[in-house]
Structure formats: structure tokens, C-alpha cells
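Survey of secondary and tertiary structure
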Amino acid sequence: MSPSERIVITGMGVVSPAGYGVAALEALLRSGECRVAPITRFDASDYRSAAAAEVPEPNPDSLSMAARAVGLRLTSGYGRAALYGLAAVAEALAVAGLHGSDCSDPGLGLAFGGSTAGTLEAEEPLLLLDEGGDYWQAAEPSRFLVSPVGSTAAILAHSLALRGPVSTISTACSSASNAIGTALHWLRAGRCSRVIAGGSDALCRLTHAGFNSLSLVAAERPLPFDGRRDGMCIGEGAAFFVLEDEHSAAARGATALARLAGFGAVSEAHHLVQPRGDGAGAAQAMRLALDDAGIPAQRVGYINAHGTATPHNDKAEARAVEQVFGPRARALPVSSTKSQVGHLLGASGALELAACTLALQHGFLPPTSGWEEADPEIALEDFVAGAARDQQVDVLLSNSFAFGGNDASLCLEKL
Amino acid sequence: MSRPLVTSVGLLSPLGVGRRAFVGNWRAGHSAVAARDDGDPAATLAAFKARDFLPGAGSMLRRMDRLSRMICVATALACEDAGLDGDDATDDLALGVGTDLGTLDETWRFLSRLRDKGPALANPMSFPNLVPNAGAGYVGILFGMKGPSQTFCQHEICGEEAVGWAADGIRAGRFSGALAGGAEELGVVRLQAMQAANCLPPLGSAGEGAAMVLLEAPERAAARGASVLAEYLGTWTGCAPVRSPFAMATSEEAVSRLLSRALLESDVEPSELGVVMSSSPGDVVLNEALRRVAGRELPAADHHLRVGVHPADGSFRVALSALLLADSTLPVNAGGDLRCGPVALIVSVGRGGMHAVTLLRESSS
């Protein structure tokens, strides 16, 4: 495997609150609809907020057909995060023109980002733990084994019969972006010739309760960058990409969807849950992504923001955009896909990169659903309010910022 | 392209806190594995006061979970071992941390409180500690580290992955220095579930601990006059199809493939291998694969019998390798074997068919 410099996306698969498949996500992005609704997965009636964006139940037949088409073993017993991941990987392989049998090449790696894994499925057995000394003899240990975050990638690797490198990166809400950035580094260094990269997370009580306890969850829906915003809503789903060298993709006749041009990551070294108010860490991540891509800031035509809709985060991110883009920032289109699908936590960076890839491919900007009122403390002006806008851009950034002050930014370029 | 150097270690181990204490106990052949009232023998950390190692942490320690404290203390020990004591000595360092289970017991306590007291009384102080990168976040804050920070969680190869990622970043010129390692605590949930699921290694006892190493580009190390423990040649990872994504099964093919590639790419002859540290020293398949590639039996570390094993202990074995390569009189095991060549080999096998191979070389400087 020789080192590569130009890395392209040749496959993409998505499971989101819009449904199964990239087409469902594209339709939702264009519509500007918000898929946040009352939680059905568990009883959330006692919570400050009972709103989240859930993935609709799949049609089992169409799902297994999609998996079979690429020779993938689709197993439902491992929990939702794994199921979403498997479905998204199956679609990504199909789009890339690959079959499951191609995955046994030791040069094919898996870079996974996530945070919850099978927590939803493991919550009940964990809660029974202190009810008796013989618990583990009575319980099925496999229900616990899906809870460590590395288990999702292990299930994907098992289903694909992978032989190459497999890595799980868990840096909270920037997990998938960091995984995709890691895949970029693997390819550039010649460690792999092709990488399946992305993330998957499922809604669970733990994260919903946790963000509720921090008073970070919106009562009804997330309104990123809006003066009325009162918090985030959790979403769920998965997105995966097939990444490879541009020349080898062309040699096998694969269609490149976009170029993954750069990746930047920093630690804010400031606070475990709050971003720096001046946005300096976020700005540095964006600058590093552009430097890594060798692309000047003037060429950036759109930013898919982290945009959680929490009062503090959106303000800090807007200041970061101002620092990087100067006077241009005011009119630069900046939107948050979380306004439509909620916050996919560890998978959010992958889902939002999928939205960005669609934007470059089809010439539209994903919207900030529900944006109506300006926040006087946010100097940006173009949030692509309401519904998607037809507009061609050549270069964009996708931001992901996380607990632990972990900031990541990915740069995509149109081919 | 720089070959990263290991210039310090930070060890929070059942066999001693800090390099000096650990090396003394290791050299003396001691074991920290002891009987436990509530289960099989295990190696646990003696009580440690994080405040003694982290004087600047102040009230942050009250919010910090035990695993994060372990990671922060091991980081402080690595900084002390390296002589990094200036205000800005760690500003530009990258950080790689490996942990498979993270704060599993803390998660269990959070959920139990949620069940018992309801959502209104869920603990907002503990929730941020439940993300696997909480420890890395605290390190970043306490040590002012603003470089890239990644937390790796791929089961039993996570410790080696974290250090390997740091080495790759130095080699590619993304940063010139990094602290990297891993940590795992021996909690109720882990111990009982692993025993019930038959996920503990076939030989050895359960353990816990944290190990961090400082990796530096040669120019950076030379500029500050750092003493070099070892040269980090790299980490190679791969997967092998196994019967279950949760199965702990060694693949002779995967070990041979990774080891052959590691030797080739790092320009190491099998005859140069001088010590092996594997995650499963009693694993017959693994030992046969190693013997075949090395062409002979290598002196093997017996860490599994003396500090126990845990999913992130690949980082401990990296640190121990660096110490063995820096001091040829330090025995590899309690039997007194010494390394017989300038290259240390670390092999980790993890659940789901995960495999990792790491090579370190004796420093020429």
C-alpha cells in the first residue's frame, strides 16, 4: 500500500431519523422538516423534556435485501447502534460498487466513531445488577457485552469478516469526525488502501437523562442560532463512507462523490462541558482543517455547524467562524443539520458529513430548520433558514465539538 | 519523517506508583496479585491520593471520577519522569488515551440513581464523566495540552492503539510530542461480567492501572536534553474473522501477518527480537505463531501473574518494554530472564478478533 494524498469518498450510507438510506436524508434536508417528536423508545414522561429524533422502524425485508445484495450478514440481536451501522455500511458498500467479499482484503480498514453502542440494550441488565449476588449467572452476559463502545465496531468487523485495522474512537460528540479524520491519515500513510469510516449511535436513557440533568435539552425542538433556542434534542442513526485514493478509485471505475480534503483537531484545555467563550479552540480546528487541505479560507462557501442549539455553544461557534473568516463571516452560509435530525452524539459528525456530501453533489445547502429570530450576540446572518437552498459551493467545512473540549473539523471539496 | 522516541514513563500500577517504585518491585520479583474476599485473586491499586500528584487540580478533583484520576496521575508521573515542569512545557503536546470500558461502574451508579430517584435527581456532576474521553478532557485542562486528543476504545488493543496513534502523528509531522497510554479500573461490573462471559484471559488475574509514555520527535527530545528510553518503531493492527464479535480468539494467521509486516516495515530482523510481552502469555496459538516468526522461544514477561491484566494494558506493556530496553539488567520476569536482543515485541489479542503488534528498539543514543 503506497501513501496517498488525494482521498475521495466513493460510497456513502445513512440511517437517520429521516429513515433508511441516503435518499431519505436528502429529501428531508431539502424539505426543511424537523423530525424531533415525543420519545417512544422508553418512558420519558418524567423528564424535563421528552423530545428526541428517533429512527423509524425499518422494513425488515428491504433491510435484509439491501444487506444480502452486498453479501453482508445482517443480525438484529446486537442492538440498535449495530443494526443502524450495518444498514449504513451495506448502503455505502453498494454505492461504492463493492461487495462484502471485498472486505476481507487486509488493506481495508474500519474507523468507527460512537459513544453509546448498545447502552439502550444493556441498561436493563445493568439496573438489575444490585438485586442479587447470582445476577451474572442468571443474566445473559451478551447483553452486557454490547455496552462497551468498541462492541459496535467489533460487530461490524465480524459481519464484514474484516482482516484490516479496526479502530473505535470515542470522543463524545466529535467521535465520528475524529474517526473519519483518522481514516484520512491511515490512507495518506499507506496503512490502508481503503477505509470504511463513520459512526453510529442509538438513543438511550443514559444520554437523555444526562443531558436533561445538565438542563441542555430543548423543551420541544432544537433551534440552532435562533434567539429563542433553549437546548438540543438527541437524535440517533448512523452514517458511513468508503474512502480511498482518487487514482485507485478511478482505476476500478468507482464514482467519486467528493474529496475529503482536510482534517483538523485540537483540545481546548478549558472545561469538560463548556466551550471557550471566544471560540478559539473551534477556530483553530477549522484553520487546521483548511491548512491540512491546502485550501485558503476564501474558498469556503458553506459551513455545516456543530450547532447544538444550546445558548453557549452556538454563540462560541459563531465567534469562531468570525475569527477564521473575518468580515466574510457575516454573509457566509452556516447551518445546523441538528435542527432537523437532532444531535446524533458520537455519530453526528458522520451524519453531517453525509449532508455536506449531498450538498456538494447536488448543489444545495442544507437548512437550519425553524430559524426565525436573530440572536443579538451572534453576528452571523445567513443560516439557510427554513428549507434547503439551491446553491453550488466548491469547498465546505463540517464542524464537531465535544465534551472534553475536543474540537474537530473536516474539509470537503467538490470534484 | 521522524522516528518517535520514548522519553519517559508514568506508571500507576498495582506494583508501584511511579517509575522508581515500580522498577524496584519488578526487579525484586514481587507480585501484586492477591486473594479477594469477593472473587478470584486480582491485582488492584493501593489507595492513592490524586491531590499529591495534581496539586493544581483544586476543586476539579471533587468532580473527577476514579478512572480520570488514574489517567491524570499517570500523566503527571510521566511529566515528572521527563522533567517537564515549565508552565508551557506541555502546551503543544497531543494526547492519546486507550480505555475499553471507561467508567462502567460510574455509569451503573448513574443509572441506579436514575431508577431509584427519578430523572429530576439524576446527577449532573457525574454525567460528563461517563464519556470515555472524560479522562483525556481532564488531562487537557490540568496540563494545558492543546494538541489533538483522541480516546481509543477498541477492546483489548486500545492501549497499543493510543500509543501507536501518537507515534504515527509524530512520524507524519502532525505534532512533535505526545503523551499516550491507557487505563482501566477493576470495577464490580467489569469483573463479574467478564467472569460470567468467560472473557478473561485463560491465564493470569484481573488487574487495573494506568500507564502513560511521552513520545517525542528526535529533534524535540534533543533540544531539551531528554534521556531516551527506547525508539518506538510502530504499532500494526488487524482483525481476524472469529465465531462471535465478543469472542476472545487468537488467530495464528493474523499474528503472523501483522508481525511479518511489522518486521518488514521497521527493518527488524527476527534475530533482533529480545523479549515478548503478550496480552495472553498462556495462549498456545499465540505462542506458536510467535515462535514460528521469531525462529525461537523468546524471553516472555510474566506481567499477567504480577500486575494482572486489563483491556488497556497494552500501554503498560509499552512502558515496561521501554524500561527493559533502557536497562539491560532489568529482568523480563520473576524468573530472572534478561532480554536477548535489542527489540521488544508487544502483542495484544482482543475480543472480536482484534490483534495488535508493536515494536520498540533499544535507543542508539
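Residue numbers here run from 1 along each chain, matching the order of that chain's written sequence. Throughout, the order in which chains and ligands are written sets their labels, letters from A for the former and numbers from 1 for the latter. At least 70 in pLDDT is required for a residue's local features to be given in this predicted model, at least 80 for side-chain atom pairs to be given and counted, and no such filter applies to totals for whole chains, interfaces and linings, which use all residues.

Okay, the packing of helix H9 (residues 205-213) of chain A against helix H5 (residues 104-117) of chain B next. Every axis corresponds to a line fitted to the C-alpha atoms, with the helix fit spanning only the stretch in contact, and the corresponding angles, defined between N-to-C directions, vary from 0 to 180 degrees. Under the DSSP-based scheme used, a helix requires at least four consecutive residues in state H or I and a strand at least two consecutive residues in state E, with every element numbered from the N terminus. Look at H9 of chain A against H5 of chain B: their axes get within 11 Å of each other, and the N-to-C directions meet at 75 degrees. When the interaxial angle is binned, H9 of chain A and H5 of chain B end up roughly perpendicular. Counting all contacts with H9 of chain A, which are made through Arg205, Leu206 and Ala209 of chain A, the residues of H5 of chain B involved are Thr107, Phe110, Leu111 and Leu114 of chain B. Under the grouping applied here, Gly and all other residues not named as nonpolar or charged are polar, the nonpolar ones being Ala, Val, Leu, Ile, Met, Phe, Trp, Tyr, Cys and Pro and the charged ones Asp, Glu, Lys and Arg. Across the contact of H9 of chain A with H5 of chain B, the residue classes break down as five nonpolar, one polar and one charged. Each angle is binned into one of four classes, with values under 35 degrees roughly parallel, values over 145 roughly antiparallel, values of 65 to 115 roughly perpendicular, and all other values oblique. A residue pair is marked as a contact if its C-beta atoms, positioned from the backbone, fall within 7 Å.

Residue and element names in this part refer to chain B. Checked against the element boundaries, leucine 215 lands in strand E9 (residues 209-216). Considering only alpha carbons, one finds leucine 215 and glutamate 231, 16 residues apart in sequence, at a separation of 9.0 Å. Not counting residues within four places of it along the chain, the set of residues in contact with leucine 215 comprises Pro4, Leu5, Val6, Ala166, Ala167, Ile170, Gly177, Ala178, Ala180 and Tyr232.

Another point: the domain arrangement of chain B. Residues and elements named next belong to chain B. For chain B, the assigned domains read domain 1 (5-223) and domain 2 (232-362). Either an automatic procedure or a domain database provided the assignment from which the domain bounds are taken. One C-alpha centre belongs to domain 1, the other to domain 2, and the line joining them spans 21 Å. Opposite the 49 residues of domain 1 that make contact, domain 2 presents 40 residues. Put simply, the parts of the chain that give the side of domain 1 that touches domain 2 at least two residues each are strand E1 (5-13), helix H1 (19-27), strand E4 (39-43), helix H7 (158-171), strand E7 (177-184), strand E8 (206-207) and E9. For the side of domain 1 that touches domain 2, the leading source of residues is H7, giving eight residues. For the side of domain 1 that touches domain 2, a count of residues per class yields 27 nonpolar, 15 polar and seven charged.

We now examine the sheet that holds strand E8 (residues 234-235) of chain A. In this analysis, strands are considered paired if DSSP registers two or more bridges between them. What the three strands build is an open sheet, ordered E3-E4-E8 (chain A); its pairing is mixed. Of all the strands in the sheet, just strand E3 (37-38) and E8 of chain A have a single pairing partner and so form its edges.

Glancing now at unusual backbone geometry. All names here are of chain A. Although it is not a glycine, alanine 117 sits at a positive phi angle of roughly 50 degrees. As for its placement among the helices and strands, alanine 117 is situated in the loop between strand E5 (108-113) and helix H4 (119-127). Positioned with a positive phi, alanine 161 is a non-glycine residue whose angle comes to about 55 degrees. Each residue is classified by how many other C-beta atoms fall within 10 Å of its C-beta atom, where C-beta atoms are placed from the backbone; a count of 20 or more means buried, 12 or fewer means exposed, and values in between mean partly exposed. When the 18 C-beta atoms within 10 Å are taken as the criterion, alanine 161 is described as partly exposed.

The next point concerns the domain arrangement of chain A. One frequently used descriptor of interface size is the decrease in accessible area upon assembly of the parts. Residues and elements named next belong to chain A. One can read the domain layout of chain A as domain 1 (7-258) and domain 2 (264-413). Domain 1 puts 64 residues into the contact, and the matching count from domain 2 is 60 residues. Taken together, the elements giving at least two residues each to the side of domain 1 that touches domain 2 come down to strand E1 (7-16), helix H1 (22-31), strand E4 (51-53), helix H8 (175-189), strand E7 (194-201), E8 and strand E9 (237-245). Of all the elements, H1 adds the most residues to the side of domain 1 that touches domain 2, at seven residues. Taken together, the residues of the side of domain 1 that touches domain 2 sort by class into 32 nonpolar, 22 polar and 10 charged.

Let us now look at the interface of chain B and chain A. Taken together, the contact between chain B and chain A spans 60 residues of the former and 58 residues of the latter. Sorting the residues of the side of chain B that touches chain A by element identifies H5, helix H6 (134-143), strand E6 (149-152), H7, helix H8 (188-196) and strand E10 (230-239) of chain B as the ones contributing at least two each. In terms of residues, the side of chain B that touches chain A owes the most to one element, H5 of chain B, which gives seven residues. Across the side of chain B that touches chain A, the residue classes tally to 34 nonpolar, 19 polar and seven charged.

Residues and elements named next belong to chain B. For E9, the tally of buried residues reaches eight of eight residues, placing the bulk of the element in the interior. Along E9, one buried face is formed by Gly209, Ala211, Val213 and Leu215 and the opposite face, lined by Ala210, Met212, Leu214 and Glu216, is buried too. Direction of pairing for E7 relative to E9: antiparallel, over a ladder of eight bridges. Within the sheet, the bridge partner assigned to alanine 180 lies in E9 and is valine 213.

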